[in-house]
Amino acid sequence: MKRIIYFVIILMLMSGCYYKSLGHLDKLRTENRQNLLKLSIGISKQEALGIMGNATATDIYINEEKVTASNPYKNEILQGKDKTFEVIYYLTESKHQKVVDYWGYSQATPITEDELTPLVFDNGKLIGWGWSFLKNNSQTFEIRMR
């Protein structure tokens, strides 16, 4: 009977190891934060995209749930009264507590806006980055944000 219990426990641990978070998203976040330090105001959009890279990372969690992030994660055009900004977002943070099951394995949680860093472009030039920069300029130029 003990052998059966040990066998079942070993099988569960082995299958759980496959589904445990691989840490690829953490690596992408770290690389993106490091690349932000290489940016400078006034560079072109193409230069900024080159610095930030185009990596894609996927983590697989228990129950085969997957979370994937690409560089850039998303982009949008923000239209204001007299100004239009292009905003490109990169995954840089992990702000949400990971959900951990009984066996100690992480489960997938969706990526949210507060885990992203916006890069703000005006006429194809980088004018700044970060949420406070985007919010301040959105107020200044009367840009509606979601």
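Note: the structure precedes this text.
Values in this document were obtained by computation on a predicted structure and should not be read as measured data.

This part covers the side chain of T92. Examined against the element boundaries, T92 turns out to sit in the loop between β4 (84–91) and β5 (99–100). Judged by relative accessible area, T92 falls into the buried class, the value being 1%. For T92, the side chain forms a polar contact with the side chain of T117, separated by 2.5 Å.

For the bond from N71 to P72, the omega torsion is -10°, close enough to zero to count as cis. Turning to its location among the elements, P72 is positioned in the loop between β2 (66–70) and β3 (74–79). Even without a glycine there, the phi angle at N123 is positive, about 55°. Along the chain, N123 turns up in the loop between β7 (116–122) and β8 (125–129). Here the phi dihedral of E142 falls at roughly 50°; this positive angle occurs in a residue that is not glycine. By the secondary structure assignment, E142 is in the segment after α4 (131–140). For E142, a relative accessible area of 52% gives the class exposed.

Time to look at the nonpolar core. With 16 residues, the main nonpolar core has L25, A69, V87, L91, I111 and L134 as its most contacted residues. Sorting the residues of this core by element identifies α2 (24–36), β2, β4 and β7 as the ones contributing at least two each. Sort the elements by how many residues they give to this core and β4 lands first, with 4 residues. In this structure, L25 is in contact with A57, D59, Y61, V67, A69 and L91, ignoring residues within four places of it in sequence. Judged by nonpolar contacts, the second largest core, of 10 residues, contains L39, I43, A48 and L119.

Another point: the pairing of β7. Most of β7 sits out of view: 7 of its 7 residues are buried. Note that β4 and β7 share 6 bridges and pair antiparallel. Looking at β7, one finds that L91 is bridged to L116. Here 4 bridges tie β7 to β8, and the two strands are oriented antiparallel to one another.

Further remarks concern the packing of aromatic side chains. Two numbers describe a pair of aromatic rings. These are the distance of the centres and the angle of the planes. In this structure the tally under the stated criterion is 2 aromatic pairs. Ring geometry for F85 and F141: centres 5.7 Å apart, planes at 80°, overall edge-to-face. Within this pair, whereas F85 is found in strand β4, its partner F141 is found in the segment after α4, the two being separated by 56 residues in sequence. Judged by relative accessible area, F85 falls into the buried class, the value being 1%. The exposure class of F141 is partly exposed, given its relative accessible area of 27%. Look at Y89 and W131: their rings are 5.7 Å apart centre to centre, the planes differ by 35°, and that puts the pair in the tilted class. In this pair, Y89 sits in strand β4 while W131 sits in helix α4, placing the two residues 42 residues apart along the sequence. A residue is classified by how much of its surface remains accessible, and Y89, at 1% relative accessible area, is buried.

This part takes up the pattern of salt bridges. This structure, assessed with the given rule, holds 5 salt bridges. One salt bridge in this structure joins E113 and K74, with 2.2 Å as the shortest N-O distance. You can see E113 sitting in the loop between β6 (106–107) and β7 and its partner K74 sitting in strand β3, a full 39 residues away along the chain. Across the pair D122 and K83 runs a salt bridge, and its minimum N-O distance is 3.0 Å. Residue D122 is found in strand β7, and its partner K83 is found in the loop between β3 and β4; the two are separated by 39 residues along the sequence. Residue classification places K83 among the partly exposed residues on the basis of a relative accessible area of 23%.

Procedures and definitions
Starting from 1, residues in each chain are numbered consecutively following that chain's sequence as written. Local features in this predicted model are restricted to residues of pLDDT 70 or higher, and side-chain atom pairs are both shown and tallied only at a pLDDT of 80 or more, whereas totals for entire chains, interfaces and linings draw on every residue. Each side-chain value is worked out from all heavy atoms of the structure, with water and hydrogens disregarded. Helix and strand definitions here come from DSSP, where helices need a minimum of 4 consecutive H or I residues and strands a minimum of 2 consecutive E residues; each element is numbered from the N-terminal end. Think of it in three bands: with a 1.4 Å probe and only protein chains considered, a residue is buried below 20% of the maximum accessible area for its type, exposed above 50%, and partly exposed in between. In the analysis that follows, any N or O atom pair within 3.5 Å is treated as a polar contact, provided that within protein one partner can donate a hydrogen and the other can accept it, and provided that, for residues neighboring in sequence, both atoms belong to side chains. Residues enter a nonpolar core if they are buried and are Ala, Val, Leu, Ile, Met, Phe, Trp, Tyr or Cys, with the set joined through side-chain atoms within 4.5 Å. The contact definition used throughout considers only heavy atoms, calling two residues in contact when any of these lie within 4.5 Å. Only when DSSP finds a minimum of two bridges between them are two strands counted as paired. Pairing of aromatic rings covers Phe, Tyr and Trp, the last through its six-membered ring, and needs centres within 6.5 Å; plane angles under 30 degrees mean stacked, over 60 mean edge-to-face, and all others mean tilted. Any carboxyl oxygen of Asp or Glu that lies within 4 Å of a side-chain nitrogen of Lys or Arg is treated as forming a salt bridge with it.

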